[in-house]
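# What the coordinates show
Read off the chains here:
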Amino acid sequence: MGPGVTGLIKELVGKPHTLDDGRPGGFYIPRFRNLKDRQPGFIRGYGYEGNSGHSMFPAHVMDTPGFGGQFKRSVRDHSGAFISMGAFGEVLPRYESYVDLDPETKDAWGIPVLRFHYHFSDNERKMAEDMVATGREMLEAAGIEVVGTDEKVLTEGWSIHELGTARMGNDPKTSVLNQFQQSHDVRNLFVVDGSSHVSASCQNPTWTIMALAWRSCDHLADEFRKGNV
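## Description of the domain arrangement of the protein chain
Domain annotation for the protein chain reports domain 1 (4-92 + 121-150) and domain 2 (163-226). With centres defined by C-alpha atoms, the gap from domain 1 to domain 2 works out at 36 Å. Between domain 1 and domain 2, the residue contacts involve 9 residues of the former and 4 residues of the latter. Broken down residue by residue, the surface that domain 1 buries against domain 2 is led by Tyr28, Arg31 and Glu90, which jointly contribute 61%.

Written out as structure tokens, the structure reads:
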């Protein structure tokens, strides 16, 4: 998360204002990289989330130069004329990324806190470069002037939806949970949240979490009836 582009639609400068707060005015561009053609430099892909229109507090205020009457006119005239889109990409699951207990730091109750070992790889950095270049290409192809780019990838863990740390798999040596999100080691323990994910792809994971939880509950009910748990 982080890379993106901002464009100015000159035809909308000075146009009458509209009330857009609360309207479903955002847009989403689904993943298109590495679906058929192999993209050089990285695998997997990303999607864009974007928005435009008028808002109660125009986002461009902080970047508008000047002061006084001229400043106010510029803000009003350009309100609703900007379009922005930011990309969300997949972070590859890597065995070098893991969580353990900190040997020194403890919380207020004396319990060791979690320590995260997690860094982006070259795959994510190459993907981020493509996010900016492709976003610019899209806006320019639509006749929109690109007035700003965000090229920096936000800090690891910024956009995670609280996933990972309890990998799902068949082998207890390399995973924590089985296919029903049941602990390999503790038979009556089911972890039905996002812990089983090793990656969120480039979409929000909520529906996948719900579907897996449903499957886990069906399996748990069967196991109860059989007397296995």
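## A closer look at the nonpolar core
Across soluble globular proteins, nonpolar side chains have a tendency to be buried as a group. If you look at the biggest cluster of nonpolar residues, it comprises 15 residues, and the most contacted ones within it are Tyr46, Tyr48, Met131 and Leu139. Every element with two or more residues in this core is listed here: β3 (46-52), β4 (82-89) and α2 (122-141). Look past the residues within four positions of tyrosine 48 in its chain and what remains in contact with it is Phe27, Tyr28, Ile29, Phe32, Met85, Gly86, Ala87, Asp130, Met131, Thr134, Gly135 and Met138.

## Points about the pairing of β4
Relative to β4, strand β1 (residues 4-8) is paired through 5 bridges, and the arrangement is antiparallel. Across the sheet, leucine 8 pairs through a bridge with phenylalanine 82, a residue of β4.

## Concerning the environment of phenylalanine 82
As for its position among the elements, phenylalanine 82 is in strand β4. Separated by 110 residues in the primary sequence, phenylalanine 82 and valine 192 place their C-alpha atoms 41 Å from one another. In contact with phenylalanine 82, not counting residues within four places along its chain, are Thr6, Gly7, Leu8, Asn51, Ser52, Gly53, His60 and Val147.

## Quick word on the environment of asparagine 170
Mapped onto the secondary structure, asparagine 170 falls in the loop between β7 (145-150) and α3 (206-226). Along the backbone, asparagine 170 and histidine 184 are 14 residues apart, and their C-alpha atoms lie at a distance of 8.8 Å.

## Side note on the confidence of the model for the protein chain
A residue-level look at the protein chain finds 100% of positions with pLDDT of 70 or above and a mean pLDDT of 92. Within the protein chain, helix α1 (residues 68-78) has the poorest average pLDDT of any element, 91, and α2 the best, 97.

## Thoughts on unusual backbone geometry
One non-glycine residue, asparagine 34, lies in the positive phi region at around 60°. Considering the arrangement of structural elements, one finds asparagine 34 in the loop between β2 (27-29) and β3. Its identity is not glycine, yet glutamine 181 carries a phi of approximately 60°, on the positive side. Note that glutamine 181 resides in the loop between β7 and α3.

## What to know about the packing of aromatic side chains
The final tally for this structure, using the stated rule, is 4 aromatic pairs. On the numbers, 5.6 Å between centres and 75° between planes, the contact of phenylalanine 32 with tyrosine 46 is edge-to-face. Of this pair, phenylalanine 32 sits in the loop between β2 and β3 while tyrosine 46 sits in strand β3; the two residues are 14 residues apart in sequence, bridging distant segments of the chain. The class for phenylalanine 32 is partly exposed, based on a relative accessible area of 28%. Residue tyrosine 46 is classed as buried on the basis of its relative accessible area, which comes to 0%. Consider the rings of tyrosine 46 and tyrosine 48, whose centres lie 5.6 Å apart with planes at 85°: the pair is edge-to-face. Comparing tyrosine 46 with tyrosine 48 shows no difference in burial state: the two are buried. The positively charged end of arginine 167 is found above the aromatic ring belonging to tyrosine 95, 4.8 Å away from the centroid.

## Here's the deal with the sheet that holds β7
On the basis of which strands lie adjacent, the open sheet formed by 5 strands has the order β2-β3-β4-β1-β7 and antiparallel pairing. The open sheet terminates on both sides in strands that have one partner only, identified here as β2 and β7. Between one strand and the next, the sheet's axes are offset by a mean angle of 20°, whatever the strand orientation. Sheet topology places β2 next to β3; 3 bridges connect them, and they run antiparallel. Bridge assignment links tyrosine 28 to a residue of β3, and that residue is glutamate 49.

Rules used throughout
Residues numbered from 1 in each chain as written. Predicted model: local features only at pLDDT ≥ 70, side-chain atom pairs only at ≥ 80, totals over all residues. Heavy atoms only, no water. Domains from an automatic or database assignment. Contact = heavy atoms within 4.5 Å. Buried area = accessible area lost by both parts, 1.4 Å probe. Core = buried A, V, L, I, M, F, W, Y, C linked by side-chain atoms within 4.5 Å. Buried < 20%, exposed > 50% of the residue type's maximum accessible area, 1.4 Å probe, protein only. Helix = DSSP H or I, 4+ residues; strand = E, 2+ residues; numbered from the N terminus. Pairing = 2+ DSSP bridges. pLDDT = per-residue confidence, 0-100. Phe/Tyr/Trp six-rings, centres within 6.5 Å; stacked < 30°, edge-to-face > 60°. Lys NZ or Arg CZ within 6 Å of the ring centre and 35° of its normal. Axes fitted to C-alpha atoms, helices over the stretch in contact; angles between N-to-C directions.

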